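Single-letter residue listing:
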Amino acid sequence: MKNFVIRKKRMTGLLLAAAVAVTAMGCGTKADEAPASSGESTGQEAQAPAAESGSQENASGASGERVPIRWLTTGDAAAEVIKDGDRIIEEINNRLGIDLTVEIVPEGNTEKVNVAMASGDFPDVVTGDYGTSATQQWIDDGMVIALNDYMDANPDMKAWLESYDWSAINGSYFGIPFITQYNAANALIIMRQDWLDNLGMAYPETLDDMKAVLEAFTFDDPDGNGQNDTYGYSAEKISSANSTPFDWVFFGNGLKYADYALDANDNVIPWFEDPSFIPSMEYIKGLWDSGVIDPELMLNDTPKKEEKFYQGKIGAMPGALFRHVTRHENSLRELNPDASIAYGHAPKGPDGSYGMNKQGKGGKMTCITAACKNPAKAAEFINFMVSEEGNNLLRLGIEGIHYTKSGDEIVFNEEERAKDAFSPDGWAHALAWGSFYWPLESNYIPPTDPNRDRVQETVELATDSQVKNLINTRTATEIEKASVVDDVFVQYFNDMLQGKIGIEEGAQKLSEDWRSQGGEEILEAVNAVYHAK
Ligand SMILES: [Ca+2]
């Protein structure tokens, strides 16, 4: 709740509150949730400032003809609350000649954005989830406009759209996509550097090296306590065909794309029908049978996996780095003061292939609504948000107020930054992240962060280990059928690993069952997308 920032007139708040109450009833959830949701809305209303924002007062007092822009977005749920008179909002208003009202829904809940749109409470600019049925409806129903006419006047927005050229529908761009982990990733296989040192081994370069390291972590007493009490590797349990605990094995064995594969006739097939699948499963089963994998792997969530690593029960795990580097190391050192972590490229297979991070397909989309009275100004605002000028304002602040420069060095004024919704320790303004950027996608770490070089190095390595998709979007058929076919995959994967079915036979039956339980329709839809290119 504390992140629910609402800057708008009271009337709009009531409309949104009404829309929220409608959702709870419309979803057919438990009867007692409707009053609870109404109560929540009332609470939100109470939090909404009754007065106009300071910027609006300025606008009417000074220039008078500011163009009002109301932006409804999921924003950044972890950000600071934007207060009245925020100097960054005022600066945006002054630079663009607008009067910006930002409405950020609570807890990044996209459903609340969708409900406001469905109820006809149109902002000027809206940010929803990319590629969902709700945002598709905005396009189909003419609730949002094509941006093409505004591209030439807004070169940063134009460049952004052209970098997502596949998102155009018959040449028209209906929104600014922001796909999470599209060109950046943060996960690598993290290892105990001190265990490698104890064993006289180096961070593994190849799948064969990896096997040798995991065996040594299991059988050669890497922690030197004289007891057989460690395993080589753990991870999160398998959750879907898109996320196995061993994706790095499939890519190491030559799987080319993150989502699908191509057969000899250039047709899209499921990735587990690729020739890389069987040798990969044999490698994984080899690890499993030799006892170097945590036997509880199939029960793990992320906290459980990390706890085993921090407690020195396992020596390697796939894990997110970037902003987590310090957290991993500090957690590890609580019990093992001399420990340190190692990380590197995903291990290479026989032909040099490697990878472990799958390119994202989901994210946000920011649109201009058909109700917007001045779409040219709204486009100018979006252009600013994706420009270097806008990035600098939202990340650093205003020079002389939020920071000063000493040569090339940025010196933050934390006291002034705290007044204007900047997060502490050099972190950015509340509007910096969530709609067009996350720090990872920008490889952004405050210039004052002492660990900056190391943190950015992990992003370079993880991004280098990222694998692109064959198809950029999820088809409607895929969204509809995903859970059933995923269950088929998970069942066969576990059965093959545990030896309940042989790998060749399992792969064969997996294909048959996957295809007959919805996979054929999925393939038909994705082949249509692939061959339309
Ligand atoms: Ca031991």
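Residues numbered from 1 in each chain as written. Predicted model: local features only at pLDDT ≥ 70, side-chain atom pairs only at ≥ 80, totals over all residues.

Trainee: Just checking my understanding: could you explain the overall build of the protein chain for this structure?
Mentor: When helices and strands are tallied, the protein chain shows 20 helices and 16 strands. Expressed as a percentage of its 533 residues, the buried residues of the protein chain come to 45%. Taking as baseline every contact in the protein chain between residues at least 6 positions apart, the subset at least 24 positions apart corresponds to 76%. (Helix = DSSP H or I, 4+ residues; strand = E, 2+ residues; numbered from the N terminus. Buried ≥ 20, exposed ≤ 12 C-beta atoms within 10 Å, placed from the backbone. Contact = placed C-beta atoms within 7 Å.)

Trainee: I would appreciate a short explanation of helix H20 (residues 503-532) in the present structure.
Mentor: Every α-helix carries 3.6 residues per turn, so stepping three or four residues along brings you back to the same face. Helix length check: H20, at 30 residues, gives a terminal C-alpha distance of 35 Å against a target of 44 Å (1.5 Å per residue), a shortfall beyond 12%. Three or more residues of H20 are buried, namely Gly506, Leu510, Trp514, Gly519, Ile522, Leu523 and Val526. Residues of H20 that are buried make contact with strand E8 (260-262), strand E9 (268-270) and helix H19 (476-497). (Expected span 1.5 Å × (residues − 1).)

Trainee: What exactly am I supposed to notice about the sheet that holds strand E10 (residues 314-320) here?
Mentor: What holds strands together in a sheet is hydrogen bonding between their backbones, with the strands either parallel or antiparallel. Strand order across the open sheet formed by 4 strands is E7-E10-E6-E11, with mixed pairing between neighbours. Since the sheet does not close on itself, it has two edges, and those belong to strand E7 (231-233) and strand E11 (341-342), each with one partner. Direction of pairing for strand E6 (residues 187-192) relative to E10: antiparallel, over a ladder of 5 bridges. Across the sheet, the residue bridging to isoleucine 190 is methionine 317, located in E10. (Pairing = 2+ DSSP bridges.)

Trainee: I tried to follow the nonpolar core on my own but got confused; where do I start?
Mentor: Within soluble globular proteins, side chains that are nonpolar tend to cluster in buried spots. With 72 residues, the main nonpolar core has Tyr233, Ala316 and Leu321 as its most contacted residues. At 7 residues, the largest contribution of residues to this core is made by H19. Counting 58 residues, the second-largest nonpolar core is a separate cluster that includes Ile69, Ile92, Ala116 and Trp160. (Core = buried A, V, L, I, M, F, W, Y, C linked by C-beta atoms within 7 Å.)

Trainee: Teacher, can you tell me more about unusual backbone geometry here?
Mentor: Note: most residues except glycine have negative phi, and most peptide bonds are trans. Phi at alanine 421 is positive, roughly 65 degrees, even though this residue is not glycine. Of note, alanine 421 is situated in the loop between helix H16 (414-419) and helix H17 (439-442). Alanine 421 sits in the buried class, given 21 other C-beta atoms within 10 Å. Unusually for a residue other than glycine, asparagine 443 sits at a positive phi of about 45 degrees. Of note, asparagine 443 is situated in the loop between H17 and helix H18 (452-464).

Trainee: Please explain the environment of isoleucine 410 as it appears in this structure.
Mentor: By the secondary structure assignment, isoleucine 410 is in strand E15 (residues 409-412). A tally of 18 C-beta atoms within 10 Å means that isoleucine 410 is categorised as partly exposed. Put simply, isoleucine 410 and threonine 448 are 38 residues apart on the chain and 7.4 Å apart in space, counted from C-alpha to C-alpha.

Trainee: Which parts of the structure should I look at to understand the pairing of strand E13 (residues 363-368)?
Mentor: The side chains of a regular strand alternate between both faces of the sheet. With 5 of 6 residues buried, E13 is to be regarded as a mostly interior element. Sheet topology places strand E5 (residues 176-179) next to E13; 4 bridges connect them, and they run antiparallel. Each residue of the ladder has a partner; that of isoleucine 179, found in E13, is glycine 363.

Trainee: Mind showing me how you'd approach helix H13 (residues 325-335) here?
Mentor: For H13, the full list of buried residues reads Val325, His328 and Leu332. Taken end-on, H13 shows its buried residues confined to a sector of 75 degrees, consistent with a single buried face. Residues of H13 that are exposed and angled more than 90 degrees away from the buried face: Arg327, Asn330 and Glu334. Taken together, the buried residues of H13 touch E6, helix H12 (302-310), E10, E11 and H18. (Arc of directions from axis to C-beta.)

Trainee: Could you clarify how one ought to interpret the environment of isoleucine 92 in this entry?
Mentor: You can see isoleucine 92 is positioned in helix H4 (residues 87-96). Expressed as a C-alpha distance, the spacing of isoleucine 92 and leucine 394, which sit 302 residues apart in the sequence, is 9.7 Å. Not counting chain neighbours up to four residues away, the residues in contact with isoleucine 92 comprise Leu100 and Phe384.

Trainee: What am I meant to see in the pairing of strand E14 (residues 403-406) here?
Mentor: Relative to E15, E14 runs antiparallel, the two sharing 4 bridges. If you follow tyrosine 403 over to E15, its bridge partner there is phenylalanine 412. With antiparallel pairing between neighbouring strands as the criterion, E14 and E15 make up a hairpin whose turn holds 2 residues, including glycine 407 at a positive phi of roughly 65 degrees.

Trainee: Just checking my understanding: could you explain the packing of helix H11 (residues 277-290) against H20 for this structure?
Mentor: Axis angle and axis distance: for two packed helices, these are the angle between their axes and the distance between the axes, and together they describe the pair. Close contact between H11 and H20 brings their axes to 10 Å; oriented N to C, the two are set at 130 degrees. Our classification of the angle between H11 and H20 gives oblique. Note on packing geometry: the crossing formed by H11 with H20 is right-handed. Residues Phe277, Ile278, Met281, Glu282 and Lys285 of H11 form the contact with H20, whose own contacting residues are Ile503, Glu504 and Ala507. Among the residues forming the contact of H11 with H20, the class breakdown is 5 nonpolar, no polar and 3 charged. (Axes fitted to C-alpha atoms, helices over the stretch in contact; angles between N-to-C directions. Parallel < 35°, antiparallel > 145°, perpendicular 65-115°, else oblique. Left-handed = near helix turned anticlockwise from the far one by under 90°. Nonpolar A, V, L, I, M, F, W, Y, C, P; charged D, E, K, R; others polar.)

Trainee: Is there a simple way to think about the environment of aspartate 266 in this case?
Mentor: Structurally, aspartate 266 can be placed in the loop between E8 and E9. Taking the C-alpha atoms as reference, aspartate 266 lies 9.5 Å from tyrosine 530; in sequence the two are 264 residues apart.

Trainee: What am I meant to see in the confidence of the model for the protein chain here?
Mentor: The predicted structure's coordinates, where accompanied by low pLDDT, should not be read in detail. Confidence in the prediction for the protein chain averages 88 pLDDT; 88% of positions are at 70 or higher. Confidence drops under pLDDT 50 across residues 1-62; counting only partners more than four residues distant or on other chains, this segment forms 80 contacts. (pLDDT = per-residue confidence, 0-100.)

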